[in-house]
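Single-letter residue listing:
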Amino acid sequence: MRKTAFLTIIPALGLPALALAGLATFGALMPESFPSKRTFESMAFQMPELGLLTLAMFLPFVSAGFNLSIIATANVSSLFMAWLWTSRIPADAGAATQAVWLFLGFVGACAVAAAIGAGIGAMAAYVGVHPTLTTLGVMTLLKGIGISLTRGAPITGMPPAVQFLGNGTFLGVPMPLAVFAAAALATALVLGKTSFGKYIYMIGSNINAAYYSGVATHQVLIGIYVFSSLMCALAGLVMTARFNSARMGYGESYLLLTVLAIIMGGADPNGGFGKVWGVVLALFVLQIISTGLTLYGVSQHISLAMWGLVLILVLAVKYCNRRWYAPWALRRQAEAVKAPA
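Computed from a prediction, not measured in an experiment: that's the story for all the values here.

Enquirer: Can you walk me through helix H4 (residues 70–88) in this structure?
Expert: Residue pairs three or four apart in sequence face the same way in an α-helix, which turns once every 3.6 residues. Spanning 19 residues, H4 covers 27 Å between terminal C-alpha atoms, matching the ideal 27 Å at 1.5 Å per step. Along H4, 14 of the 19 residues are buried, which leaves the element largely enclosed by surrounding structure.

Enquirer: Quick question: what am I supposed to make of the confidence of the model for the protein chain here?
Expert: Regions with low pLDDT should not have their predicted coordinates read in detail. Per-residue pLDDT for the protein chain averages 86, and the proportion of residues at 70 or more is 90%. Confidence scores differ between elements of the protein chain, with helix H1 (residues 3–6) showing the lowest mean pLDDT of 45 and helix H11 (residues 217–243) the highest of 95. In this model, residues 1–11 is a region of pLDDT below 50 whose contacts with residues beyond four sequence positions or in other chains number 29 contacts.

Enquirer: Help me out: how do you make sense of the nonpolar core in this one?
Expert: Nonpolar side chains in soluble globular proteins tend to end up buried together. One finds Leu52, Phe58, Trp85 and Met264 to be the most contacted residues of the largest nonpolar core, which totals 91 residues. If one sorts the elements of this core by residue count, H11 sits on top with 13 residues. Once residues within four sequence positions are removed from consideration, Phe58 is found in contact with Thr187, Leu191, Ile262, Ala267, Gly274, Lys275, Val276 and Val279.

Enquirer: Where do I start with the environment of Leu84 in this structure?
Expert: With respect to the helices and strands, Leu84 occurs in helix H4. Residues Leu84 and His218, 134 residues apart in the sequence, show an inter-C-alpha distance of 34 Å. Setting aside anything within four residues of it in sequence, one finds Leu84 in contact with Ile89, Trp101, Leu104 and Gly105.

Enquirer: When you look at the layout of surface pockets in this model, what are you seeing that I'm missing?
Expert: The probe, sized like a water molecule, is rolled over the atoms to show the empty space still left. Taken as a whole, the largest pocket spans an internal volume of roughly 730 Å³. Taken together, 25 residues form the lining of the largest pocket, with Gln46, Ser290, Thr291, Thr294 and Gln300 sitting closest to its centre. Of all the elements in the fold, those that place two or more residues in the lining of the largest pocket are helix H3 (37–62), helix H12 (254–264), helix H13 (276–296) and helix H14 (300–338). Its residues assigned to classes, the lining of the largest pocket shows 9 nonpolar, 13 polar and 3 charged. In this structure, the second largest pocket occupies an estimated 230 Å³ of space. As for the second largest pocket, its lining consists of 15 residues, and the residues nearest its centre are Ser63, Ala124, Pro131, Ile207 and Leu221. For the lining of the second largest pocket, the secondary-structure elements that each account for two or more residues are helix H5 (95–127) and H11. Residues of the lining of the second largest pocket, tallied by class, amount to 9 nonpolar, 6 polar and no charged.

Enquirer: Can you help me understand the packing of aromatic side chains in this one?
Expert: For any pair of aromatic rings, the description rests on two quantities: the centre-to-centre distance and the angle between the ring planes. Applying the stated criterion to the full structure yields 4 aromatic pairs. Ring centres of Phe243 and Tyr250 lie 5.1 Å apart, and the angle between their planes is 70 degrees; this geometry places the pair in the edge-to-face category. Judged by its relative accessible area of 35%, Phe243 is partly exposed.

Enquirer: I keep staring at unusual backbone geometry and nothing clicks. Help me out?
Expert: A negative phi angle characterises most non-glycine residues, just as the trans form characterises most peptide bonds. Here the phi dihedral of Arg151 falls at roughly 55 degrees; this positive angle occurs in a residue that is not glycine. For Arg151, the location among the structural elements is in the loop between helix H6 (131–150) and strand E1 (155–156). Arg151 sits in the exposed class, given a relative accessible area of 76%. Even without being glycine, Asn244 reaches a positive phi, approximately 60 degrees. With respect to the helices and strands, Asn244 occurs in the loop between H11 and strand E4 (245–246).

Conventions used here
- Residues numbered from 1 in each chain as written.
- Predicted model: local features only at pLDDT ≥ 70, side-chain atom pairs only at ≥ 80, totals over all residues.
- Heavy atoms only, no water.
- Helix = DSSP H or I, 4+ residues; strand = E, 2+ residues; numbered from the N terminus.
- Expected span 1.5 Å × (residues − 1).
- Buried < 20%, exposed > 50% of the residue type's maximum accessible area, 1.4 Å probe, protein only.
- pLDDT = per-residue confidence, 0-100.
- Contact = heavy atoms within 4.5 Å.
- Core = buried A, V, L, I, M, F, W, Y, C linked by side-chain atoms within 4.5 Å.
- 1 Å grid on protein atoms, 1.4 Å probe; cavity = no way out; pocket = protein on both sides within 12 Å on 5 of 7 lines; lining within 4 Å.
- Points joined across faces, edges and corners; volume = space filled by probe spheres on them.
- Nonpolar A, V, L, I, M, F, W, Y, C, P; charged D, E, K, R; others polar.
- Phe/Tyr/Trp six-rings, centres within 6.5 Å; stacked < 30°, edge-to-face > 60°.

This is the structure in structure tokens:
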């Protein structure tokens, strides 16, 4: 049995049980408000923001890196899009004109985000600065630039086409949820069906071994952070559309939750392992808990402290699993193989 098999215990068994327990608990505490269509629709609109930012963190995490600048990159991207749309789209513009400018704004934001990601990847690959330190500096730089340009004020008044993307539905499916589902599927295909995805896992397991195996580690590292930043641009699009505004301070509380969702989803904190489906399931569990606590009237400060405690507990469980349970199970398996029939 491979070591990685033990890392899938939580997402394979624990997360579905935790989701059911959360639904049952909050349903019993709030029978009139929690198990309702309105509540689940609200969850479907809220989860994609955190979900897209989590996907932006996921690839660097699998490669044994980190991207502290995901929130800042998403906000800078959203500021660019909001500025373009509010300054260039006439008030009486038709749907076709709005769609064209929406597309151009998103393409421009992707270009900005890709440049940020390429810079981060180049620093990590060619200069040798650890991604955590690089992205910390980039985060501070972007926040300073964004606040200076806007003086901390939001850019408001998005056109109807943008608002529909954040608050509308198509065939009964909330548009933000459809965007997140497409992004999650694309990430899963990249990791599971492409050479680039296999190289990410190899770098996360051992970057030196990957290099001596012929992997172009420098180019792969740059690609990882470009992909991460493009997910940030997509998250910025959804946040701008949902809030009908863009501001540099949006989503700052999501950074801890992205790490929590990834680790709860079964990713190895040391890199080299992680599956998108586990992360998506963990996001669903976190959204149930967050919505339930909000409806129950729990303070946001207490909720934030609870997320930190949960992250510590999950890391402790993973350590115990790797330190004691996995070797014990391997010994049991070896004994079973040696035992006579």
